[in-house]
Amino acid sequence: MPIKWSAVKVSEAMDEVEQQVLLADQFIAEARTKAQAAKRIPNLPQYMEHRINSLISQIERIDKIK
């Protein structure tokens, strides 16, 4: 049975995806840094710390795309 998809097109598409991820990398790192700084705000209510921790966790999951 012949192959009906193009490995070259898939490779090219994934190269484009990789380039987009590389462009986003700096912004993702900056978002993580700013969220971590927000956690250090004095007298931060626990419910806000929990939400910021959740945000940091989500950012780290996004960062694993690399």
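Residues numbered from 1 in each chain as written. Predicted model: local features only at pLDDT ≥ 70, side-chain atom pairs only at ≥ 80, totals over all residues. Heavy atoms only, no water.

**Brief notes about helix α2 (residues 46–63)**
- Across its 18 residues, α2 extends 25 Å between first and last C-alpha, which sits within 8% of the 26 Å expected from 1.5 Å per residue.
- Listed in full, the buried residues belonging to α2 are Ile52, Ile56, Ile59 and Asp63. Taken around the axis of α2, the buried residues stretch over an arc of 60°, which confines them to a single face. Exposed positions of α2 whose direction lies more than 90 degrees from the buried face are Gln46, Tyr47, His50, Arg51 and Arg61.
- Structurally, α2 contributes buried residues whose contacts are with α1 (7–39). (Helix = DSSP H or I, 4+ residues; strand = E, 2+ residues; numbered from the N terminus. Expected span 1.5 Å × (residues − 1). Buried < 20%, exposed > 50% of the residue type's maximum accessible area, 1.4 Å probe, protein only. Arc of directions from axis to C-beta. Contact = heavy atoms within 4.5 Å.)

**Some details on the packing of α1 against α2**
- Remark: α1 packs on α2, axes separated minimally by 10 Å, with the N-to-C direction vectors making an angle of 160°. With respect to their mutual orientation, α1 and α2 come out roughly antiparallel. Seen from above, α1 lies across α2 with left-handed handedness. Residues Asp25, Ile28, Ala31, Arg32, Ala35, Gln36, Ala38 and Lys39 of α1 form the contact with α2, whose own contacting residues are Glu49, Ile52, Asn53, Leu55, Ile56, Ile59, Glu60, Ile62 and Asp63. (Axes fitted to C-alpha atoms, helices over the stretch in contact; angles between N-to-C directions. Parallel < 35°, antiparallel > 145°, perpendicular 65-115°, else oblique. Left-handed = near helix turned anticlockwise from the far one by under 90°.)

**Brief notes about the pattern of salt bridges**
- One pass over the structure, following the stated rule, counts two salt bridges.
- Measuring nitrogen to oxygen at the nearest pair gives 3.2 Å for the salt bridge that ties lysine 34 to glutamate 30. You can see lysine 34 and its partner glutamate 30 sitting in helix α1, four residues apart, about one turn around the helix.
- Where aspartate 63 meets arginine 32, a salt bridge forms, and the shortest distance between an N and an O atom there is 2.8 Å. Note that aspartate 63 is positioned in helix α2 and arginine 32 in helix α1, a separation of 31 residues in sequence. (Salt bridge = Lys/Arg side-chain N within 4 Å of Asp/Glu carboxyl O.)

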